[in-house]
Amino acid sequence: MHRLRAYVIPYRVWMTTLIILPSLMILFLAITDFDLYLKGPFVFTLEGLRVFTESTIQIALMNSIKYSLLTTIIALLIGYPAAYYLANLKSAYKTFFVALIIIPVWSNMLLRIIAWEKLFFPISILNNFGISLDWIGSDKAIVVGMLSMYFPFMILPIYSVLVKLDQHLIEAARDLGANGFDTFVKVILPLSLPGIVSGVIMTLLPAMTTFALPERLGGGKVLLIGNIIEDAFMKTGNLQMGSIISVVLMIIILILFKGIMTVDKEGETLL
Amino acid sequence: MKQIVKGLLLLATVLVFVLIYFPIVVIALMSVNASSTGQTFTYFSFVWYGEIANNTLLLRAIGTTLFVAIISTTIATVVGTFVAIGINSLKRNQRLNMMVLNNVPVVNPDIVTGISLMVVFGLLPISFGINTMLIAHVFFSIPFVVLSVLPKLKELDKDLFDAAQDLGCTSLQAVVKVIVPAIKTGIITGALIAFTMSIDDFVISYFTTGSGVQNVSLWIYARLGRRNFSPAVYAYNTIVTVVTIVILLRLNYYSIKKKMRRLNQ
Amino acid sequence: MSDILKIDHVTKSFDDKVVLNNISLTIKHNEFVTLLGPSGCGKTTLLRLIGGFETLDQGHIYFEDEDVLNIPPNKRKVNTVFQHYALFPHLNVFDNIAFGLKLKKQPKEEINKAVMNMLMLVKLEGYEWRNVDTLSGGQKQRVAIARALVNQPNLLLLDEPLGALDLKLRQDMQYELKEMQRRLGITFIFVTHDQEEALTMSDRVVVMNEGLIQQVGSPQDIYNEPINQFSASFIGESNIIDGVMVTDYEVVFEGISHPCVDHGFENNEKVDVVIRPEDIVLIKPDQQMIQGVVTDIIFKGVHYEICVMVNDKEYVIHSTRAKHIGDKVSLKFGPNDIHIMRKSDA
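Rules used in this analysis
- Residues numbered from 1 in each chain as written.
- Chains lettered and ligands numbered in written order.
- Predicted model: local features only at pLDDT ≥ 70, side-chain atom pairs only at ≥ 80, totals over all residues.
- Heavy atoms only, no water.
- Contact = heavy atoms within 4.5 Å.
- Buried area = accessible area lost by both parts, 1.4 Å probe.
- Salt bridge = Lys/Arg side-chain N within 4 Å of Asp/Glu carboxyl O.
- Polar contact = N/O pair within 3.5 Å; in protein donor to acceptor, adjacent residues only side chain to side chain.
- Helix = DSSP H or I, 4+ residues; strand = E, 2+ residues; numbered from the N terminus.
- Nonpolar A, V, L, I, M, F, W, Y, C, P; charged D, E, K, R; others polar.
- Phe/Tyr/Trp six-rings, centres within 6.5 Å; stacked < 30°, edge-to-face > 60°.
- Buried < 20%, exposed > 50% of the residue type's maximum accessible area, 1.4 Å probe, protein only.
- Lys NZ or Arg CZ within 6 Å of the ring centre and 35° of its normal.
- Pairing = 2+ DSSP bridges.
- Axes fitted to C-alpha atoms, helices over the stretch in contact; angles between N-to-C directions.

**Observations regarding the interface of chain A and chain C**
On the chain C side, the residues contacting the 16 residues of chain A number 20 residues. Both faces combined, the contact of chain A with chain C buries some 1700 Å², and carbon together with sulfur accounts for 65% of it. Broken down residue by residue, the surface that chain A buries against chain C is led by E171, D175 and L176 of chain A, which jointly contribute 40%. On inspection of chain A and its partner chain C, the count reaches one salt bridge. Residue E171 of chain A is joined to R48 of chain C by a salt bridge in which the shortest nitrogen-to-oxygen separation is 2.5 Å. For the pair chain A and chain C, the number of links is six residue pairs in polar contact (both at pLDDT 80 or more). Where the side of chain A that touches chain C is concerned, the elements lending two or more residues are helix 6 (167-175) and helix 7 (180-191) of chain A. Element by element, the count of residues in the side of chain A that touches chain C is highest for helix 6 of chain A, at seven residues. Class assignment of the residues belonging to the side of chain A that touches chain C gives a composition of eight nonpolar, three polar and five charged.

Listed below in structure tokens is the structure:
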């Protein structure tokens, strides 16, 4: 078996190059005035940190935290029971129902965002059903849109843990005097923690960083840090500002990643 | 009490399905809506399905999407399988370290992966285009193949590889003739995931492709809220969704049939 | 002694397959009863019905004279030791054992005392803070037993609890379990497919096959007087020979008439004759007795297992004296060593 270990070496080099190198590069861009494309001389400067005093940036940071937390909490509160229901379904079509959760993810996300956008304007196909919404730019629009996009990422990791849960542990808890509620709180919930942590992170991070969704459903009024990064890298070319925000984001990711790795060392809940 | 809990669980499940399928239904509706803005439903028509063939830029974007998906999935599946086999043979600590590295692109939000690759490509003497898009797709696909192959490898008999060699296989033959067939389902799942991730990717392609080349997502994003946005893309997306549902139904049908047969024996 | 459990005409099916077919059984206080049978005979299902994990189709189960049909497992004064222990992986040894007591909201000190007592009983002092994943099979087994016993159940159900242990450990645990049961005075219902385990530990053995109870009796009864061919072949190794009961106290097999102690059969009734391998003694060839040729001999540690071919039928004999392959021998046994059973299909 040990001869097979050689297969890992090129992959390690490839992954290190494409993960560590750019991370250092972004950190470097954040504290210098280096131009990525002209590659001229550069000087170290902390000038860029001043972006944190700008109200647009502050609002974008606050919005990212607000919307991602709100979405994640609601997605967990509704997604956990749904995952539980699916995991305990006694039907030959169980795998089919679970597959139904994944299918929407395979539909183009931009189009799904547009679909919500169309419904949230006062004049929409909903008028045919006597409904007229004026939600564009509201919290509702963004949270509903996010839930619709990220529910599967919350549900699937929780489902995969619950469906593998040893039924004998539940029977053992009942045998030792636990009623349904006790069994859930003392056995099922703690044992599904890895799935919950994965689900929370896989929902929180995309929600925090999306830029297409707030752009469309926010009607141009709501900015998230994703929008700031997109603007900086793709439109204004202010790489230093983009990198500074990215570094903040990467610190958050690092903390969350540590969380995932403590409960699920091999990433078994990530698929 | 039990009934109330069950009812609430069912309610949550229904709510989830409604929220995630609402946009799918709307897209399907738009694909048969003659209106070109899609703001109201004018009348039923299949005109946008025919329009796919007439919209050269959209057709080219579909071609790019499929080309990149097929090439990147092929590369990622082969490489990912070998990498997973390698990782599985590592000692526990080394394996866990490799899995941390492997899972970074899985957990990382697309925007971080996107700008990271953009910065690396910017440093290298290559121009942004289909090549960089392809490398990016291979990069984010391999970890998913590894994640779906690894559990199958863990179920394997630890002595399988040695047994194959004992019977005269070279190391590579043992992998190709014995291990790969045994983990076939994991490889197929991994390839399917890689393919769908590639077809739907927007954010990473956006940061790594430059302006010359467009896949479907980039085509859409460039036209959001503009007049040259064609509802033909709704038709394209609906076709893709229907095809995936049919494939899944067939797979599920076979697994149900297999289950039934096992029960009957 | 009064009855603790009464199983009354219980039937249970899974998907049209009858697993328990009209079973009745009574179990007394302080008894150690073993349900013995091959896998799929229904013994585990019967145990799960008593524990409350399955619902029965027909019949009743009375626990201390109370019908437990609608009582969920958490309200039954019965605890179970599961086959693969089912220890909670997120709790340490102490919290696993304390699980049931904490649910009853007992005071902390009492819980502490009870858990420590249990740890002493199962000889695991000092392990209370260990993660259950780090325990060996035998230790997990002890934790599972302690976790059940700490609740002071009136009836303890054990579902093949020793199956995952190696031989030496299994024998130690058999002894310890029996000791525990005697000391605590709790009724044990023990499920196993291992006949030796059943015979060593039990007060009473219930032999089951294909959803039916084949025989109930003390280990001695079951071993010495198997009621039918299934019991005989399942319990220990036996020579089962076709014979004819010519008249009371006389049976003919292998063409020779033998005196025996059985009676009450019809004259010339066809029967199965059972002779235990250790009850046959090999002697020099003798015209008056069954003769044969040694075809195989295997050393088994305590004894030799010798195969003797008699008229195309192979007899197994346990002997402390070796023979050579090809030796001509005769089989000697007394009237008490012959057990007569009615043909099972009659």
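After presenting the structure, the write-up continues.
**What about the packing of aromatic side chains?**
According to the stated counting rule, one finds 36 aromatic pairs over all chains in the structure shown. Between F28 of chain A and F42 of chain A, the ring centres sit 5.0 Å apart and the planes meet at 80°, which makes this aromatic pair edge-to-face. Of the two residues, F28 of chain A is situated in helix 1 (residues 8-31) and F42 of chain A in the loop between helix 1 and helix 2 (55-87); the sequence distance between them amounts to 14 residues. Overall, F28 of chain A belongs to the partly exposed group, its relative accessible area being 22%. The ring of Y315 of chain C has K313 of chain C sitting right over it, with the charged end atom 5.7 Å from the ring centre.

**Describing the interface of chain A and chain B**
The interface is formed by 87 residues belonging to chain A together with 101 residues belonging to chain B. Between chain A and chain B we count zero salt bridges in total. Broken down by element, the residue count for the side of chain A that touches chain B peaks at 13 residues, all from helix 1 of chain A. Of the residues belonging to the side of chain A that touches chain B, the class tally is 62 nonpolar, twelve polar and 13 charged.

**A few points about the sheet that holds strand 6 (residues 78-81) of chain C**
Residues and elements named next belong to chain C. Taking strand neighbours across the sheet as the criterion, the six strands line up as 6-7-8-3-9-10 in an open arrangement whose pairing is mixed. The sheet is open, and its two borders are formed by strand 6 and strand 10 (212-217), each paired with just one other strand. The mean inter-strand angle of the sheet, taken between neighbouring strand axes irrespective of direction, is 20°. Of the strand pairs in this sheet, strand 6 and strand 7 (residues 155-159) are connected by four bridges, and their pairing is parallel. Bridge assignment links V78 to a residue of strand 7, and that residue is L155. Together, strand 3 (32-36), strand 7 and strand 8 (187-192) form the strand contacts of helix 5 (residues 167-184), whose direction differs from that of strand 8 by roughly 155°.

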